[in-house]
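Single-letter residue listing:
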Amino acid sequence: MRKPEPRLRRKLLAWLLGPLVVLLVLDTGAAYWNSLRFSDLAYDRALYEIGREIVLHVKLDGNRPRLDLSEAASNILLLDQEDLLFFRVVGEDGATLGGDAELPPPQRGGEPGKPRVYRDTVRGEPVRMLVAWMPVGADAATPKVLVQVAETLHKRTRLAWEMVANVVVPQLLLIVMATAVVWFGVSRGLEPLQRLRRAVSDRSHLDLSPIDTHDVPGEVRPLVDEVNELMARLGRTFDFQSRFVADAAHQLKTPVSGLKAQIELALRENDAERVRHSLAQLYISADRLSRLVRQLLSLARNEPGALDAMQLQPLDLNAYALEVSMDWVPQALKRDIDLGFEGVEHPLVINADRDRLRELINNLIDNAIRYSQPSGRVTVRVTRSDGDHCRLAISDDGPSVPVEERARIFERFHRLLGTQEDGSGLGLAIVSEIATLHGARITLEEDIDGVGNTFSVFFPLRAA
Ligand SMILES: Nc1ncnc2c1ncn2[C@@H]1O[C@H](COP(=O)(O)OP(=O)(O)OP(=O)(O)O)[C@@H](O)[C@H]1O
Ligand SMILES: [Mg+2]
C-alpha cells in the first residue's frame, strides 16, 4: 500500500523552505552590501589619515613643494598585515613628487577639501583609491599637492563576510530547526492516520461495521464519517443482494424440481399419446420458469441503484400508453375481456425511459387481464391529475385486493392466497421500482363502483 505521508511532508517542507531560502539569499545579498559599505566607511578614514601623514612630509623649497620621506618612514607608514598600500604625491603643475609612479591617474575630481574614494585596479588587483588635494602648510595661501593612496580590498572583504556570517548563521540554524520541527511534527501529526490506515487494511472484506472515530483528528473526521456512511450504504446493498439471491434461488428451486419430476414421468411413459401430453405440460412449466427468470432479471435491472443506466427522454404518456395497450388486444380477446382506453385530447409529456415505462404498463395490464374474471372489463386511463402531475390508471372489475393486502402485494414474491393464475409475485415489485426511478407514486384503490381494482401511477409532468 502506498504511504501518503512523505508527500504531505515534502509539500509542507517545500512551502516552508522555499520562501525561507529565497529570503535568506536576499538577506545575505543585502547584508553583504551593507557590511561592505560599513567596512569601507571605517577603512576609508584610515586611508585619509595616511594621506595626511604623507603630506606632513612635503616640504616647501620657497614655493616649490618637495617630498621628504625616507624609505624606512614610508615602509612604516604603509605597513599592513593583510593589504598592499600604494601612494603618490603630485604637485599643482602635475609633476610627480614621490611614491608609486605606476598608480593610475585620478579618475576625476579631488578638488581641495573634497576627498574622493573609489574602486580602481592597481597591477591587476582591485583597490580602494583615495584622491585628495591637501595644503602643504597650515596657511591657506600655501600651495597644495594631490595625494593618492590605494589599498587592496582583503581586510574589507573579510570584515564584510564576517558581518554577513553573524547575520546569516543564526538564520540558517533557524531554517534547519524549522525543517526538523516540520519533519517530526508531520510524522507525529500523521500517526492517528497511520493507525486508521492499519485499522482499515487489517479488516476483513466482509466487515462493514463503522470505523472507530474515537481517536481520529478533527480534520479527518468528516472523511471518516463519509466512509462510514458509504459502508452503511454498501451494507444495505449487500443485504439486499444476498436476500435477493437467496429468494431467487428458493423461487427457482421449486419449478426446476417440478420440471425434473415431469421429465422422469415422461421418460417412464410408453404410450405416445401420454408422452405428448407430458411434453405439453413440460412446455407450460418451462414457459412459467422462463417468465420467472425474465421477471428476476427485470427486478435486478431496476434496483434502486439503476438511476444512472436510465435513458430519460420527453415522452407523451397519452400516446405511449395507447400504443402499449394496443399490444394487449389479442390477449384480452383470448379471455373475452373488453380492453378499453380513455385518454386526453392533448399530449401529456413526462420524462421517461421508454423500455422501463413499457415494462411498468405491461405488468399492470397483465395483472388486470389475468386476475379479473373472464368477460370482464379492463380500462387504461390517462388523465391530468393536478397542476404538475398526470395519472396513468389501470382498472379492472375482478375481485378486489383486500385492504390489508394492498401494501403487501408490492413486495417481491408476495401473492394473494388462492390465486389460481400462474405468476412469480414479482410484477408489482418491478412496477414499484420503475415508478420510483421515475419519481412517480403508486396507489391502489377499489374501482369507482366498489368492485375491482384501480392501480394509479402519478408521474411528474415535464416542465414546459
Ligand atoms: N389487478 C389485480 N387484481 C387482483 N389481484 C391482483 C391484481 N394485480 C395483482 N394482484 C395480486 O397481487 C399479486 C402480486 O402481483 P404481481 O404482479 O406482483 O405478481 P404476479 O402477477 O403473481 O407474478 P408476475 O407478475 O411476476 O408474473 C398477484 O399474485 C395477485 O394475487
Ligand atoms: Mg403480475
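Residues numbered from 1 in each chain as written. Chains lettered and ligands numbered in written order. Predicted model: local features only at pLDDT ≥ 70, side-chain atom pairs only at ≥ 80, totals over all residues. Heavy atoms only, no water.

Chemist: Please clarify how the packing of helix H5 (residues 272-301) against helix H9 (residues 427-437) should be interpreted in this entry.
Modeler: For any two helices packed against each other, one specifies the inter-axial angle together with the distance between the axes. It is the contact of H5 with H9, at a shortest axis distance of 9 Å, that shows an interaxial angle of 25°. In terms of their interaxial angle, H5 and H9 are classed as roughly parallel. You can see that H5 and H9 cross each other, and the crossing is left-handed. Contacts between H5 and H9 involve Gln295, Ser298 and Leu299 on the former and, on the latter, Gly427, Ala429, Ile430 and Glu433. Of the residues in the contact of H5 with H9, the class split is 3 nonpolar, 3 polar and 1 charged. (Axes fitted to C-alpha atoms, helices over the stretch in contact; angles between N-to-C directions. Helix = DSSP H or I, 4+ residues; strand = E, 2+ residues; numbered from the N terminus. Parallel < 35°, antiparallel > 145°, perpendicular 65-115°, else oblique. Left-handed = near helix turned anticlockwise from the far one by under 90°. Contact = heavy atoms within 4.5 Å. Nonpolar A, V, L, I, M, F, W, Y, C, P; charged D, E, K, R; others polar.)

Chemist: Sorry, what's going on with the site of ligand 1 here?
Modeler: In the neighbourhood of ligand 1, 23 residues make up the surrounding shell, with Asn367, Tyr371, Arg415, Ser424 and Leu428 lying closest. In the environment of ligand 1, an oxygen atom lies 2.6 Å from a nitrogen or oxygen atom belonging to the side chain of arginine 415. Within the side chain of serine 424, an N or O atom sits 2.6 Å from an oxygen atom of ligand 1. Protein contact buries 99% of the 590 Å² of open area that ligand 1 shows by itself. Applying the majority rule of atoms within 2 Å of the grid points places ligand 1 in the second largest pocket. Ranked by the residues each element gives to the shell around ligand 1, the list is headed by helix H8 (residues 354-371), at 5 residues. A per-class count over the shell around ligand 1 returns 9 nonpolar, 10 polar and 4 charged. (Near = heavy atom within 4 Å. Polar contact = N/O pair within 3.5 Å; in protein donor to acceptor, adjacent residues only side chain to side chain. Areas by Shrake-Rupley, 256 points an atom, 1.4 Å probe, with all protein chains shown as cover. 1 Å grid on protein atoms, 1.4 Å probe; cavity = no way out; pocket = protein on both sides within 12 Å on 5 of 7 lines; lining within 4 Å. Sits in = over half its atoms within 2 Å of the grid points.)

Chemist: So what exactly am I meant to see when it comes to helix H3 (residues 154-201) here?
Modeler: Owing to its 3.6 residues per turn, the α-helix brings residues three or four apart onto one side. End to end, H3 covers 65 Å across 48 residues, agreeing with the expected 70 Å (1.5 Å per residue, within 8%). For H3, the principal kink sits at glutamate 191 and spans about 40°; a proline, proline 192, occurs within the next four residues. Those residues of H3 that fall on the buried side of the exposure criterion are Lys155, Arg156, Ala160, Val164, Val168, Ile175, Val182, Val186, Leu190, Pro192, Gln194 and Leu196. (Expected span 1.5 Å × (residues − 1). Bend = angle between axes of the 7 residues up to and from the residue. Buried < 20%, exposed > 50% of the residue type's maximum accessible area, 1.4 Å probe, protein only.)

Chemist: Explain the domain arrangement of the protein chain here, please?
Modeler: Interface size is commonly expressed as the accessible surface area that is lost when the partners come together. Domain parsing of the protein chain yields domain 1 (8-161), domain 2 (221-301) and domain 3 (311-460). Taken over C-alpha atoms, the centre of domain 1 sits 105 Å from the centre of domain 2. (Domains from an automatic or database assignment.)

Chemist: Just checking my understanding: could you explain the side chain of glutamate 151 for this structure?
Modeler: Relative to the helices and strands, glutamate 151 is located in strand S7 (residues 144-152). For glutamate 151, a relative accessible area of 5% translates into the label buried. A polar side-chain atom of glutamate 151 sits 2.4 Å from a polar atom in the side chain of lysine 155. Beyond its immediate sequence surroundings of up to four residues, glutamate 151 is in contact with Tyr43, Leu47, Asp80, Asp83, Leu84, Leu85, Val127, Arg128 and Arg156.

Chemist: Please clarify how a nonpolar patch on the surface should be interpreted in this entry.
Modeler: On the surface, Leu322, Met326, Val329 and Leu333 cluster together to form a nonpolar patch covering roughly 370 Å² of accessible area. Of all the secondary-structure elements, those providing two or more residues to the nonpolar patch are helix H6 (317-326) and helix H7 (329-334). As for its placement among the helices and strands, methionine 326 is situated in helix H6. (Patch = residues over 30% accessible without salt bridge, like charges linked within 9 Å, V, L, I, M, F, W, Y side chains within 5 Å. Salt bridge = Lys/Arg side-chain N within 4 Å of Asp/Glu carboxyl O.)

Chemist: Can you help me understand the packing of aromatic side chains in this one?
Modeler: Applying the stated criterion to the full structure yields 2 aromatic pairs. Taking 6.2 Å as the distance between ring centres and 70° as the angle between the ring planes, the aromatic pair formed by phenylalanine 410 and phenylalanine 455 counts as edge-to-face. With phenylalanine 410 in the loop between strand S12 (389-396) and H9 and phenylalanine 455 in strand S14 (residues 453-460), the pair connects residues that are 45 residues apart, well separated along the chain. Using a relative accessible area of 7% as the deciding quantity, one classes phenylalanine 455 as buried. In this structure, lysine 155 packs its charged tip against the face of tyrosine 43, placed 5.2 Å from the ring centre. Geometry around phenylalanine 458 places arginine 441 over its ring, the cationic atom sitting 4.4 Å from the centre. (Phe/Tyr/Trp six-rings, centres within 6.5 Å; stacked < 30°, edge-to-face > 60°. Lys NZ or Arg CZ within 6 Å of the ring centre and 35° of its normal.)

Chemist: Before we go on, may I ask you to explain the pattern of salt bridges in this structure?
Modeler: Oppositely charged side chains can form a pair if their charged atoms are brought close together. In this structure the tally under the stated criterion is 32 salt bridges. Between arginine 128 and aspartate 40 there is a salt bridge; the shortest N-O distance is 3.7 Å. Linking arginine 128 in strand S6 (residues 125-135) with aspartate 40 in helix H1 (residues 5-56), this pair joins segments that are 88 residues apart in sequence. Neither residue differs from the other here; arginine 128 and aspartate 40 are each classed as buried. For glutamate 82, the salt bridge identified is with arginine 158, shortest N-O distance 2.6 Å.

Chemist: Would you mind going over the nonpolar core with me for this structure?
Modeler: Across soluble globular proteins, nonpolar side chains show a tendency to be buried alongside one another. Judged by nonpolar contacts, the single largest core of 50 residues is most densely connected at Leu357, Leu360, Ile361, Leu392 and Phe459. No other element matches H8, which puts 7 residues into this core. Looking at which domains feed residues into this core, each of domain 2 (221-301) and domain 3 (311-460) supplies at least three. Among all residues touching isoleucine 361, those that are not within four sequence positions of it are Tyr320, Ala321, Val324 and Leu392. Grouped together as the second largest cluster of nonpolar side chains are 19 residues, Ile50, Ile54, Leu85 and Val149 included. (Core = buried A, V, L, I, M, F, W, Y, C linked by side-chain atoms within 4.5 Å.)

Chemist: Any chance you could explain H5 here in plain terms?
Modeler: The end-to-end C-alpha distance of H5, which contains 30 residues, comes to 43 Å, matching closely the 44 Å that a straight helix rising 1.5 Å per residue would cover. Of all the residues in H5, the buried ones are Ser278, Leu282, Ser285, Leu289, Leu292, Gln295, Leu296, Ser298 and Leu299. Summarising the contacts, the buried residues of H5 are in contact with helix H4 (221-268), H8 and H9.

Chemist: Explanation requested: unusual backbone geometry in the structure shown.
Modeler: For residues besides glycine, phi is generally negative; the peptide bonds are generally trans as well. In this structure, serine 375 is a non-glycine residue whose phi angle is positive, near 65°. With respect to the secondary-structure elements, serine 375 resides in the loop between H8 and strand S11 (377-386). Even without a glycine there, the phi angle at phenylalanine 413 is positive, about 65°.

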